[in-house]
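Residues per chain, in single letters:
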Amino acid sequence: DKTGHGFYNNATAKLLCPVDFDWANTATQEGIRNYEPNFQVTAHSWPSFLYKDNKYDQEDPTKGLFKGDFLVRAFKHILTSSSSAAETRPNEESTLESLYK
């Protein structure tokens with residue numbers, strides 16, 4: 001039973017919500033959950049958790065990409081150590097150099 005998973009769980013859905021949509025909008029939530037054509041989530045939909053502060057810049061799509069707090073913490077936990085993941089603060093600028101400290 002997958003009730004309450006993915007887009008049916010608000011915490012997970014907020015992370016998975018494509019950058020093109022605002023999960024705080026109830027119309028977006030209903031549209032994605034009901035598979036409405038105007039709210040399609042495809043393999044080309046970048047989830048907000050990939051971006052620093054979950055913010056997407058339409059002018060510069062690579063700005064903040066792969067610097068989301070959740071993603072950086074998972075990377076550090078897997079590739080360095082769990083204690084280094086705990087050291088990451090949400091407002092800390094992550095660079096490759098800082099990930100290997």
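Residues numbered from 1 in each chain as written. Predicted model: local features only at pLDDT ≥ 70, side-chain atom pairs only at ≥ 80, totals over all residues. Heavy atoms only, no water.

J.: Can you lay out the confidence of the model for the chain for me, pointing to particular residues and giving the numbers?
T.: Per-residue pLDDT for the chain averages 87, and the proportion of residues at 70 or more is 86%. For the chain, helix α5 (residues 96-99) is the element with the lowest average pLDDT, namely 47, and helix α2 (residues 26-33) is the one with the highest, namely 97. (pLDDT = per-residue confidence, 0-100. Helix = DSSP H or I, 4+ residues; strand = E, 2+ residues; numbered from the N terminus.)

J.: So what about α2? Which residues, and what values?
T.: Residues Thr28, Gln29, Gly31 and Ile32 constitute the buried set of α2. Summarising the axial view, the buried residues of α2 lie within an arc of 170°, below the 170-degree limit, and thus occupy one face. Of the surrounding secondary structure, the elements contacted by the buried residues of α2 are α1 (10-16). N-cap assignment for α2: the residue whose side-chain oxygen lies 2.8 Å from the backbone N of Ala27 is Asn25. Once α2 ends, the next one or two residues include Tyr35, with phi positive near 55°. (Buried < 20%, exposed > 50% of the residue type's maximum accessible area, 1.4 Å probe, protein only. Arc of directions from axis to C-beta. Contact = heavy atoms within 4.5 Å. Polar contact = N/O pair within 3.5 Å; in protein donor to acceptor, adjacent residues only side chain to side chain.)

J.: How would you explain the packing of aromatic side chains if you had to name every residue and give the values?
T.: This structure, assessed with the given rule, holds five aromatic pairs. Judged by centre distance (6.0 Å) and plane angle (85°), the rings of Phe49 and Phe70 are edge-to-face. Note that Phe49 is positioned in the loop between α2 and α3 (69-79) and Phe70 in helix α3, a separation of 21 residues in sequence. Taking relative accessible area as the criterion, Phe49 reaches 18% and is therefore assigned buried. For Phe70, a relative accessible area of 52% gives the class exposed. (Phe/Tyr/Trp six-rings, centres within 6.5 Å; stacked < 30°, edge-to-face > 60°.)

J.: Can you tell me about the nonpolar core, naming the residues and giving the values?
T.: Judged by nonpolar contacts, Phe7, Ala13, Cys17, Trp23, Ile32 and Phe39 together constitute the single largest core of six residues. Among residues more than four places away in sequence, those in contact with Trp23 are Phe7, Asn10, Ala13, Lys14, Cys17, Thr28, Gln29, Ile32 and Arg33. In terms of nonpolar packing, the next biggest core, distinct from the first, is built from five residues, Val19, Phe49, Leu50 and Tyr51 among them. (Core = buried A, V, L, I, M, F, W, Y, C linked by side-chain atoms within 4.5 Å.)

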